[in-house]
Amino acid sequence: MKSVDLVIVGGGPAGMSAAVAAYDAGIKDILILERDKSLGGILRQCIHNGFGLHRFKEELTGPEYAYRYEIQVKERNIPFKTETMVLDISEDKVVTAMNSTDGMFQIKAKAIILAMGCRERPKGALNIAGTRPAGIFTAGTAQKFVNMDGYMPGKKVVILGSGDIGLIMARRMTLEGAEVKAVCELMPYSGGLARNIEQCLNDFGIPLMLSHTVVEIHGKERVEGVTIAKVDDRRRPIPETKQYIECDTLLLSCGLLPENELTRAAGISIDRITSGAVVDENRQTDIEGVFACGNVLHVHDLVDYVSEESDIAGKAAARYIKGENAAALPCTVELETDGRVRYTVPQRIVGKEDVTVYFRVADVFRDIKITVRDGERVIISKKKQKVAPGEMETVKITKDMLASLEGNKLTFSIE
Amino acid sequence: MKRELTCIVCPKGCQLTVELEGKEIISISGHTCKRGEDYARTECTAPMRTVTTTAAIIGGGVVPVKTDRVIPKELMFECMKEINKARVSPDAKLGDVVVENVLGTGANVVTTRNAKI
Ligand SMILES: Cc1cc2nc3c(=O)[nH]c(=O)nc-3n(C[C@H](O)[C@H](O)[C@H](O)COP(=O)(O)OP(=O)(O)OC[C@H]3O[C@@H](n4cnc5c(N)ncnc54)[C@H](O)[C@@H]3O)c2cc1C
């Protein structure tokens, strides 16, 4: 069986950043496996701007951001195989993959980085009454049609869900001449970035209908309209508020879900909340030498953070291969949440260095303090005007804090 | 008069408050960087946007493009029309100009990836 130091599953921004970081840390024997026709991942279809402000200090579009990394991969001659699908990863790090030239093949890896990204939640359509005519798409599928294939999926559009992809598509389809009649959001707040509500909806006078949902889809062959209604505080539609909207297209933008079939099959523990692997600050999973980064680990709204995280994973994988962080370190600190903080990544800290902890909150909270406790003792208290589920937050646990911990648990809460 | 804005310069999305007297800006608050302050100023006087879309490649397919700087917001749809008239060479490279000085705005429309994948 062929053996390789580092196999990276997925050639999106996460896989490419991780590959470059591992290479620069001295690991040259790398193989990236990507099932699509080219490197770049989902960014290839995200043609709008706003990427890279953190990372490159300039505003790039998705394809430009991806290209910056593609060049770095190619300059280093890091090997990659496209149109190659990874089918299985075993606990002893044998990767099984398939493509049309090599057929089915296996590679023994010293370390593996999982960077499979995420896909859209198909739910949302499932429990709507009425017919199932043509004209119902996820926002991401519509994005691919319009931006990659140059094909408009419809003329009169209703969007269910106000995630960023839905907001971006509202603007995109409007610019291409469609009429976007409304964006309905079940929750009383939007899951998308404030800037996208401003520049994608408000700029074009597209109404954002909070606490609203689609209750029925009409049409035989093609969508002819939808019935929407306001929901009460238990998210049940209020019958008196029903209204009919004529449209030929319904886009669903109900959030993203990490693509972790391979991870589960390998027996790696999955966090119930993130739907990604449970990792330490090196982004190492509970199988030694298997790392995860990017959207497969938790959904990021900013690709800049994806690159940051993938750097960490790439460097850690390199150290692991060189035997520098020998065996999985004993877990020292578990990170817990109060529910108002929904999750943290990483979920545990095994080392002694500074760690940036990423997390999301469960609801919109105003004038609060983000608090981190070691037992009863408050070690961080950070004031915030507003936190929202759509925006990822960070706090830094310094090495001094880690050195002076009394317990082996840190609790994250909103107060 | 007070105007509440959401800054679109970066994903932070700061809530800005601009105090105006007629067209004159008295004060700007809520921003956390210089670019936010500039945004508030232009947004209240002459709002500007970047346009991103696709252009047709000769022989089929599309390539993503953008205006290489912001253009007046009210010209977005006109700009789309100009871009939709353009035809891009299948050999175009990232950054090639597709429409020069679009609508006299001083912005060029440029490709954001190579036409060939
Ligand atoms: C439809 C959609 C639109 C988005 N729009 C935006 C946006 O506008 N702005 C923004 O900041 N973020 C957006 N995101 C989030 C975006 O995904 C991240 O910012 C970033 O692209 C994540 O990088 P990644 O490498 O983790 O995942 P991806 O870019 O998804 O890359 C994962 C790669 O892994 C490959 N892969 C998966 N499984 C396998 C396998 N078994 N074998 C081989 N290869 C495999 C995939 O083909 C893909 O190329 C969007 C996400 C989606 C799904």
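Bear in mind the structure is a predicted one, so any value in this text is a computation, not a measurement.

**Let's talk about the overall build of chain B**
Helices and strands together make up the secondary structure of chain B, namely 2 helices and 10 strands. Ordered by position from the N terminus, the helices and strands of chain B form the series β-β-β-α-β-β-β-β-α-β-β-β. Over its C-alpha trace chain B gives a radius of gyration of 17 Å, far above what one expects of a compact globule, namely 13 Å for 117 residues. Along the three orthogonal principal directions, the C-alpha set of chain B runs to about 55 × 25 × 15 Å. Residues classed as buried in chain B amount to 44% of the 117 residues present. Partitioning the contacts of chain B with sequence separation of at least 6, the portion at a separation of at least 24 is 42%. Total accessible area on chain B is roughly 6,100 Å²; 52% of this is exposed by carbon and sulfur atoms.

**As for the nonpolar core**
A:L251 and B:V98 are the most contacted members of the largest nonpolar core, which totals 40 residues. Excluding residues that lie within four positions of it along the chain, A:L251 makes contacts with A:F137, A:T138, A:A142, A:V157, A:V158, A:I159, A:L160, A:M169 and A:M173. Grouped together as the second largest cluster of nonpolar side chains are 35 residues, A:M16, A:L39, A:F291 and A:A313 included.

**Regarding the interface of chain B and chain A**
Between chain B and chain A, the contact holds 29 residues from the first and 29 residues from the second. Here chain B meets chain A over a buried area of about 2,500 Å², counting both sides, of which 58% is carbon and sulfur. The largest per-residue losses of area from chain B upon contact with chain A belong to B:I8, B:P11 and B:T52, which jointly make up 22% of the total buried on that side. In this structure, A:D203 and B:R49 form a salt bridge, with 2.5 Å as the shortest nitrogen-oxygen distance. Counting the contacts that link chain B with chain A gives 10 residue pairs in polar contact (both at pLDDT 80 or more). For the side of chain B that touches chain A, the elements supplying multiple residues, two or more each, are α1 (34–45), β5 (52–57), β6 (62–67) and α2 (76–85) of chain B. Per-element accounting of the side of chain B that touches chain A gives the leading share, 4 residues, to α2(B). Of the residues assigned to the side of chain B that touches chain A, the class counts are 13 nonpolar, 10 polar and 6 charged.

**What about the layout of surface pockets?**
Residue and element names in this part refer to chain A. Within this model, the second largest pocket holds a volume of roughly 1,500 Å³. Considering each element in turn, the lining of the second largest pocket owes the most residues, 5 residues, to strand β26 (residues 377–387). For the lining of the second largest pocket, a count of residues per class yields 21 nonpolar, 13 polar and 11 charged.

**Looking at the sheet that holds strand β2 (residues 15–21) of chain B**
All names here are of chain B. Pairing in this open sheet of 3 strands is antiparallel, and the strands run β1-β2-β3 from one edge to the other. Edge positions in the sheet fall to β1 (2–6) and β3 (24–29), since each has one partner strand and no second. Taking the axes of each pair of neighbouring strands and ignoring which way they run, one obtains an average angle of 25° across the sheet.

**Notes on the pattern of salt bridges**
Residues and elements named next belong to chain A. For the structure on display, the rule yields 33 salt bridges over all chains. Measuring nitrogen to oxygen at the nearest pair gives 3.3 Å for the salt bridge that ties E393 to K384. Since its relative accessible area comes to 8%, E393 is described here as buried. A network of salt bridges, in which partner residues are shared, links R35, R119, E259 and E261.

**Thoughts on the environment of A:R35**
Residues and elements named next belong to chain A. Topologically, R35 is positioned in the loop between β2 (30–33) and β3 (49–51). Its relative accessible area of 47% is what places R35 among the partly exposed residues. The sequence separation of R35 and T84 amounts to 49 residues, and the corresponding C-alpha distance is 4.4 Å. Non-local contacts of R35, meaning those with residues more than four positions away in its chain, are made with E83, T84, M85 and E259. Among the polar contacts made by the side chain of R35, one reaches the side chain of E259 at a distance of 3.4 Å.

**Some words on helix α3 (residues 139–148) of chain A**
Counted residue by residue, α3(A) has 7 buried out of 10 residues, so it is predominantly covered. A:A139, A:G140, A:A142, A:Q143, A:V146, A:N147 and A:M148 are the residues of α3(A) that are buried. Check the buried side of α3(A) and you find it contacts β9 (118–120), β11 (136–138), α4 (164–175) and β18 (249–252) of chain A together with β5 and β6 of chain B.

**Brief notes about the site of the ligand**
Residues and elements named next belong to chain A. In the vicinity of the ligand, 31 residues are found, and the nearest of them are A14, E34, H48, N295 and D301. With respect to the ligand, the backbone of A115 contributes an N or O atom lying 3.5 Å from an oxygen atom. Within the contact set of the ligand, an oxygen atom lies 2.8 Å away from a backbone nitrogen or oxygen of D301. Alone, the ligand offers 970 Å² of accessible surface; in the complex the protein occludes 94% of this. Elements that contribute at least two residues to the shell around the ligand include exactly α1 (13–24), β6 (85–89), α3 and α7 (303–321).

**Examining the pairing of strand β27 (residues 393–397) of chain A**
Residue and element names in this part refer to chain A. Burial along β27 is one-sided: the face carrying E393, V395 and I397 is buried and the face carrying T394 and K396 is not. Summarising the sheet, strand β24 (residues 355–361) and β27 pair through 5 bridges and their orientation is antiparallel. Considered in β27, the bridge of V357 is made with V395.

**Regarding the side chain of A:D304**
Residues and elements named next belong to chain A. Mapped onto the elements, D304 comes out in helix α7. Look at D304: it is buried, it has no salt bridge, and the nearest opposite charge is R55 at 6.5 Å. Here the side chain of D304 touches R55 through a polar contact of 2.9 Å, landing on its backbone nitrogen. Beyond its immediate sequence surroundings of up to four residues, D304 is in contact with F51, G52, L53, H54, R55 and Y65.

**Comments concerning the packing of aromatic side chains**
Residue and element names in this part refer to chain A. Evaluated as defined, the whole model comprises 9 aromatic pairs over all chains. Taken together, a centroid distance of 5.4 Å and an interplanar angle of 70° make the contact between F56 and Y65 edge-to-face. Here F56 falls in the partly exposed class, since its relative accessible area comes to 23%. Aromatic side chains F291 and Y320 sit 6.2 Å apart centroid to centroid with 70° between the ring planes, which places their arrangement in the edge-to-face category. Here F291, found in strand β20 (residues 290–292), pairs with Y320, found in helix α7; they are 29 residues apart in sequence, far enough to count as distant. On the accessibility criterion, Y320 (16% relative accessible area) is buried.

**A closer look at the domain arrangement of chain B**
Each assigned domain of chain B is listed here: domain 1 (2–46) and domain 2 (52–111). On a C-alpha basis, the centres of domain 1 of chain B and domain 2 of chain B stand 29 Å from each other.

Each value, and the rule that gives it
- Residues numbered from 1 in each chain as written.
- Chains lettered and ligands numbered in written order.
- Predicted model: local features only at pLDDT ≥ 70, side-chain atom pairs only at ≥ 80, totals over all residues.
- Heavy atoms only, no water.
- Helix = DSSP H or I, 4+ residues; strand = E, 2+ residues; numbered from the N terminus.
- Rg over C-alpha atoms; globule rule 2.2 N^0.38 Å.
- Buried < 20%, exposed > 50% of the residue type's maximum accessible area, 1.4 Å probe, protein only.
- Contact = heavy atoms within 4.5 Å.
- Areas by Shrake-Rupley, 256 points an atom, 1.4 Å probe, with all protein chains shown as cover.
- Core = buried A, V, L, I, M, F, W, Y, C linked by side-chain atoms within 4.5 Å.
- Buried area = accessible area lost by both parts, 1.4 Å probe.
- Salt bridge = Lys/Arg side-chain N within 4 Å of Asp/Glu carboxyl O.
- Polar contact = N/O pair within 3.5 Å; in protein donor to acceptor, adjacent residues only side chain to side chain.
- Nonpolar A, V, L, I, M, F, W, Y, C, P; charged D, E, K, R; others polar.
- 1 Å grid on protein atoms, 1.4 Å probe; cavity = no way out; pocket = protein on both sides within 12 Å on 5 of 7 lines; lining within 4 Å.
- Points joined across faces, edges and corners; volume = space filled by probe spheres on them.
- Pairing = 2+ DSSP bridges.
- Axes fitted to C-alpha atoms, helices over the stretch in contact; angles between N-to-C directions.
- Near = heavy atom within 4 Å.
- Lys, Arg positive; Asp, Glu negative; His and termini not counted.
- Phe/Tyr/Trp six-rings, centres within 6.5 Å; stacked < 30°, edge-to-face > 60°.
- Domains from an automatic or database assignment.

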